[in-house]
Amino acid sequence: MPSSYWPFPAFPLSPFSRTASPTPSTTQTAHAYFPFSSQTPALSTTDSPSRDVSPVTPAQEMEWEDADLLSVDRALMDFAAGEADREEEWMREERDVRVKALWVHPIKSCRGVSVQKSVVTSQGLQYDRQWAIREVETSQMCTAREYPSMVLIEPEIDEINNLLIVRFPEATGLPGFAVKLNVDESEIRTWQKVGPTIMHKKPLPAAFVPPHVPFVASVDPNLTPSAQLSTYLSRPVQFIQKSPFEEDKRPLVPPPGSPDWLVGGDVEYAEKRGAETGFADGYPVLLASEESFRDIQASLEASLNPRGDSLFANIGPTFNKPVWQKKKLDLRRFRANVIVGSGPTSSDRVQAWEEETWRDVEFWGQAEEDQVQVVEGEDDVTMNTDKAQQVGRFVRRGGMVCVSRCGRCQLPNVDPDNAEADKAVPYKIIAKYRRVDPAQKFTPIFGVNAVPREERSLVCVGDRVRVTGKNTWQVIERS
């Protein structure tokens, strides 16, 4: 039972335990020992200290102790019943919005990893975009925008062995490689340091080149991560890891575009928090809803069978209808981290694009699942379970602030299963009706960028999502 469930101060169950003195002190009130028992010794603070006290018999001692234990049991049962009623009322009153999926993308632009729970740091979900690939000659960041085959590079998070294992498509003949997930800073200092890497025409802080950790005995030690990636991409590249040092911190910066984009976000909050990010394009976390994705799917279907002057009547000559009459969109294309949606008991369903009205978001989960050990040195994640943060079995795991809408490039056009880049879908579909942000007038929107509230917290699939504050972002109304 978590300590926060114990509603009473610590006290001995009986003043006459079998290991205590058989004579009680006459200077203490009875209720100090028996807060829940009506059967207490006849003691009084007004009695003379010299007054004779009758010896306590073993039968009396056991009777008092049994009565005391029974009263404690009753009190605990009453307390538990009260907590259960409080939890039931809270669940009935709270809107049922859930975390439906969590995705970590360890290597920028490479395949994501679906997880059931994740530590959340100031840089987002743990391990997300902490590694990347850079061109040696130009120092440019490599992304699937230029090299679509990157989406077929498959990372695996092996926390038991403290490894990030990376595999290539079998047809390449490349054996794959592994690097350490968590490394002491003193060891990182001994690695090769490179930088700056250029992304969006701006230099990023310096990074490190992690050494290969042989995870298969037959792998040639000369086939380093950088060597294998260079072979795969047919150009000299380096595999890099984000620096953990303060001098290499990457604070949040505005994305490319109009300086008026601040109108559409809550970036002042992020700046005050000293928010930072890894190798993500701009922000630590991307949050999206299942309902918004379904709306894009419905729009795609409408474009396949348009009616008259429908908004989707003319997607353009690059729209390959025969292909998309057989194909379905995959949410993985959008590379979001936290996917939310309506819960099973929800009568007030999440609406498409509703997440764009959220500002403050909290994640609540069951307390017995709250102690999660994380392979990161000797650290464990322990959550705040004080009364203000707990309702029945549910505790507040952590929170995020949604700071801006996410403008989309054409990377979602790349199929995560075969790396084929479509010329129209989904970019031209969402561009028809999702150019809604005054700060990004010509950019279609899907998802919201978010900044964690805590330096370290937790989020799990199935957690309840509480929206505790709304934003005031402007919107371009479309007829």
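Just so you know, these numbers come straight off a predicted model, no measurement behind them.

**What about the overall build of the protein chain?**
Here is step 1 of the chain: Across its full length, the protein chain carries 7 helices and 23 strands.
Here is step 2 of the chain: Per-residue burial over the protein chain gives 50% buried out of 479 residues.
Here is step 3 of the chain: Of the contacts formed within the protein chain by residues at least 6 apart in sequence, a portion of 76% connects residues at least 24 apart.
Here is step 4 of the chain: Approximately 23600 Å² of the protein chain is accessible, and the part contributed by carbon and sulfur atoms is 51%.

**A short note on empty space enclosed by the protein**
Here is step 1 of the chain: In the structure shown here, the tally under the stated rule is 5 cavities of 30 Å³ or more.
Here is step 2 of the chain: The calculated volume of the largest cavity comes to roughly 50 Å³.
Here is step 3 of the chain: Residue composition of the lining of the largest cavity, grouped by class: 4 nonpolar, 2 polar and 3 charged.

**A look at the sheet that holds strand E13 (residues 237–242)**
Here is step 1 of the chain: Strand order across the open sheet formed by 4 strands is E5-E13-E12-E9, with antiparallel pairing between neighbours. The open sheet has two edge strands, strand E5 (131–135) and strand E9 (192–194), and neither has a second partner. Between one strand axis and the next, the sheet turns through 45 degrees on average, direction left out of account.
Here is step 2 of the chain: In terms of strand pairing, strand E12 (residues 207–209) meets E13 through 2 bridges, oriented antiparallel. Its bridge partner lying in E13, Ala207 is registered against Lys242.
Here is step 3 of the chain: Seen against the sheet, helix H3 (residues 225–233) touches E5, E12 and E13 and runs at an angle of roughly 130 degrees to E13.

**Section: the sheet that holds strand E7 (residues 163–167)**
Here is step 1 of the chain: Pairing is antiparallel across the open sheet formed by 3 strands, whose spatial order is E6-E7-E8. Looking at which strands have only one partner, the edges of the open sheet turn out to be strand E6 (154–158) and strand E8 (177–180). Each neighbouring strand pair of the sheet contributes to a mean axis angle of 20 degrees, computed without reference to strand direction.
Here is step 2 of the chain: Examined bridge by bridge, E7 and E8 share 4 bridges and lie antiparallel to one another. Across the sheet, residue Leu164 finds its bridge partner in E8, namely Val179.

**Let's talk about the confidence of the model for the protein chain**
Interpretation of this model should avoid reading the predicted coordinates in detail wherever pLDDT is low.
Here is step 1 of the chain: On average, residues of the protein chain carry a pLDDT of 80, and 73% of them reach 70 or more.
Here is step 2 of the chain: Contacts of residues 1–51 to residues separated by more than four positions or lying in other chains number 71 contacts, the stretch itself having pLDDT below 50.
Here is step 3 of the chain: For the stretch residues 255–265, pLDDT sits under 50, and the model shows 21 contacts to residues farther than four places along the chain or on other chains.

**Details of the pairing of strand E14 (residues 285–289)**
Here is step 1 of the chain: Most of E14 is tucked away: 5 of the 5 residues are buried.
Here is step 2 of the chain: Alternating positions in E14 separate into two faces, Val285, Leu287 and Ser289 on one and Leu286 and Ala288 on the other, with burial throughout.
Here is step 3 of the chain: Examined bridge by bridge, E14 and strand E21 (residues 445–452) share 3 bridges and lie antiparallel to one another. The partner of Leu286 across the bridge, within E21, is Asn449.
Here is step 4 of the chain: Across 3 bridges, the pairing between E14 and strand E15 (residues 338–342) is parallel. Residue pairing across strands places Ala288 opposite Ile339, the latter belonging to E15.

**Things to note about the pattern of salt bridges**
Here is step 1 of the chain: Per the stated rule, a full pass over the model turns up 30 salt bridges.
Here is step 2 of the chain: The closest approach of N and O atoms between Glu94 and Arg466, which form a salt bridge, is 3.1 Å. Of this pair, Glu94 sits in the loop between helix H1 (58–93) and strand E1 (97–104) while Arg466 sits in strand E23 (residues 464–470); the two residues are 372 residues apart in sequence, bridging distant segments of the chain.
Here is step 3 of the chain: Its relative accessible area of 22% is what places Glu94 among the partly exposed residues.
Here is step 4 of the chain: Owing to a relative accessible area of 22%, Arg466 belongs among the partly exposed residues under this scheme.

**Let's talk about the environment of Glu454**
Here is step 1 of the chain: Counting through the fold element by element, Glu454 comes out in the loop between E21 and strand E22 (456–460).
Here is step 2 of the chain: Each C-alpha atom of the pair Glu454 and Arg397 lies 9.8 Å from the other, and the pair is 57 residues apart in sequence.

**Notes on the nonpolar core**
Here is step 1 of the chain: Formed by 50 residues in total, the largest nonpolar core has its most connected members in Ile133, Phe239 and Val338.
Here is step 2 of the chain: Ranked by residues supplied to this core, first place goes to E1 with 4 residues.
Here is step 3 of the chain: Here Ile133 is in contact with Ile107, Cys110, Gln140, Met141, Cys142, Met150, Ile153, Leu229, Leu233, Val237, Gln238 and Phe239, once residues within four sequence places are set aside.
Here is step 4 of the chain: Listed in part, the 23 residues of the second largest apolar core include Ala101, Ala288, Phe293 and Tyr433.

**Brief notes about the packing of aromatic side chains**
Here is step 1 of the chain: Applying the stated rule across the entire model yields 9 aromatic pairs.
Here is step 2 of the chain: Geometrically, the ring pair formed by Phe177 and Phe239 is edge-to-face, given 5.1 Å between the ring centres and 65 degrees between the ring planes. Within this pair, whereas Phe177 is found in strand E8, its partner Phe239 is found in strand E13, the two being separated by 62 residues in sequence.
Here is step 3 of the chain: Judged by its relative accessible area of 0%, Phe177 falls in the buried class.
Here is step 4 of the chain: For the ring pair Trp353 and Phe446, a centre distance of 6.0 Å and an interplane angle of 90 degrees mean the geometry is edge-to-face. You can see Trp353 sitting in the loop between E15 and strand E16 (358–366) and its partner Phe446 sitting in strand E21, a full 93 residues away along the chain.
Here is step 5 of the chain: Classification of Trp353 by relative accessible area gives buried; the value is 13%.
Here is step 6 of the chain: Feature note: the residues Phe293, Phe312, Phe334, Trp353, Tyr433 and Phe446 constitute an aromatic cluster, connected by ring pairs.
Here is step 7 of the chain: The ring centre of Phe245 lies 3.5 Å from the NZ or CZ of Arg189, which sits over that ring.
Here is step 8 of the chain: Directly above the aromatic system of Trp353 lies the positively charged group of Arg434, at a separation of 3.7 Å from the ring centroid.

The rules behind each value
Residues numbered from 1 in each chain as written. Predicted model: local features only at pLDDT ≥ 70, side-chain atom pairs only at ≥ 80, totals over all residues. Heavy atoms only, no water. Helix = DSSP H or I, 4+ residues; strand = E, 2+ residues; numbered from the N terminus. Buried < 20%, exposed > 50% of the residue type's maximum accessible area, 1.4 Å probe, protein only. Contact = heavy atoms within 4.5 Å. Areas by Shrake-Rupley, 256 points an atom, 1.4 Å probe, with all protein chains shown as cover. 1 Å grid on protein atoms, 1.4 Å probe; cavity = no way out; pocket = protein on both sides within 12 Å on 5 of 7 lines; lining within 4 Å. Points joined across faces, edges and corners; volume = space filled by probe spheres on them. Nonpolar A, V, L, I, M, F, W, Y, C, P; charged D, E, K, R; others polar. Pairing = 2+ DSSP bridges. Axes fitted to C-alpha atoms, helices over the stretch in contact; angles between N-to-C directions. pLDDT = per-residue confidence, 0-100. Salt bridge = Lys/Arg side-chain N within 4 Å of Asp/Glu carboxyl O. Core = buried A, V, L, I, M, F, W, Y, C linked by side-chain atoms within 4.5 Å. Phe/Tyr/Trp six-rings, centres within 6.5 Å; stacked < 30°, edge-to-face > 60°. Lys NZ or Arg CZ within 6 Å of the ring centre and 35° of its normal.

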